[in-house]
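A look at the structure
Each chain is listed here by its residues.
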Amino acid sequence: MQRPSPQALFLVDGYNVVGAWADLRRVRDHDGLEEARRHLIEILANYSAFQGYDTQLVFDSQYREAASNREVITSNLCVCYTDFGQTADTYIEKTCAAFRHNLRKFHQRLIVVTSDRAQQLTVVGYGAEWMSAEQLAADVKAIHRRVQRRQKPVRKSSSRFLAHSLDPIAQKRLTQLRFGKQ
């Protein structure tokens, strides 16, 4: 079964977001950068699935001396690590340029998340939409609240018997069946 075309290509400057969100900064400072990255990946996996975005979370080679690679997390999210010496900004700019030169994708939205003002101006020049890290945080929280409201709380039974957790009509029907009254 083929997956539907994503609503948007969503490029996220990972270290920019880690530095902008207070929760992720606390995790980074207390548990390390790898743990902060893990938290951001988890948040974006849920967000991307909900929004229907094809998300690329970009981390530059800061703290890593390795070749670039892509790690597919879900069908909606992949993590991209740049080459040593290449910045996430450069990676995002190249992706924006390539995206707009692909005519099949011209109708699709391209959204870049960064709070870097120079990067904002550059990606908007490529025709991308821009979202600040703070806007993303607010959007993630709003979606989380919406999902929480949709989920109905599960009522726990006060008894260990399954029959006691059923509604009264179902309990009456089970009693009738048990005593052979149909």
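Just above, that's the structure.
Keep in mind that what you see is a predicted model, and the values were worked out from it rather than measured.

At a minimum axis separation of 9 Å, helix α4 (residues 88-101) and helix α5 (residues 117-125) run at an interaxial angle of 10 degrees. Overall, the two elements α4 and α5 adopt an arrangement that is roughly parallel. On the side of α4, the interface is formed by Asp-89, Ile-92, Glu-93 and Cys-96, while α5 contributes Gln-119, Thr-122 and Val-123. Among the residues forming the contact of α4 with α5, the class breakdown is 3 nonpolar, 2 polar and 2 charged.

Below, the discussion takes up the pattern of salt bridges. For side chains bearing opposite charge, pairing can occur when the charged atoms are close. Counted according to the given criterion, the structure contains 6 salt bridges. Ionic pairing is found between Asp-29 and Arg-28, a salt bridge with its closest N-O pair at 3.0 Å. Residue Asp-29 is classed as exposed on the basis of its relative accessible area of 58%. Between Arg-38 and Glu-42 there is a salt bridge, with the nearest N and O atoms lying 3.5 Å from each other.

Among the structural elements, Thr-55 can be located in strand β2 (residues 53-59). A relative accessible area of 0% places Thr-55 in the buried class. Within polar-contact distance, the side chain of Thr-55 engages the side chain of Ser-48 at 2.5 Å. With sequence-adjacent residues up to four places away left out, Thr-55 is seen in contact with Phe-10, Val-12, Ser-48, Asn-76, Leu-77 and Cys-78.

With respect to the helices, strands and loops of the structure, Gln-135 is situated in helix α6 (residues 133-150). Looking at Gln-135, the relative accessible area reads 41%, which means it is partly exposed. Along the backbone, Gln-135 and Ser-115 are 20 residues apart, and their C-alpha atoms lie at a distance of 9.4 Å.

Here is what the cut-offs are and how they apply
Residues numbered from 1 in each chain as written. Predicted model: local features only at pLDDT ≥ 70, side-chain atom pairs only at ≥ 80, totals over all residues. Heavy atoms only, no water. Axes fitted to C-alpha atoms, helices over the stretch in contact; angles between N-to-C directions. Helix = DSSP H or I, 4+ residues; strand = E, 2+ residues; numbered from the N terminus. Parallel < 35°, antiparallel > 145°, perpendicular 65-115°, else oblique. Contact = heavy atoms within 4.5 Å. Nonpolar A, V, L, I, M, F, W, Y, C, P; charged D, E, K, R; others polar. Salt bridge = Lys/Arg side-chain N within 4 Å of Asp/Glu carboxyl O. Buried < 20%, exposed > 50% of the residue type's maximum accessible area, 1.4 Å probe, protein only. Polar contact = N/O pair within 3.5 Å; in protein donor to acceptor, adjacent residues only side chain to side chain.

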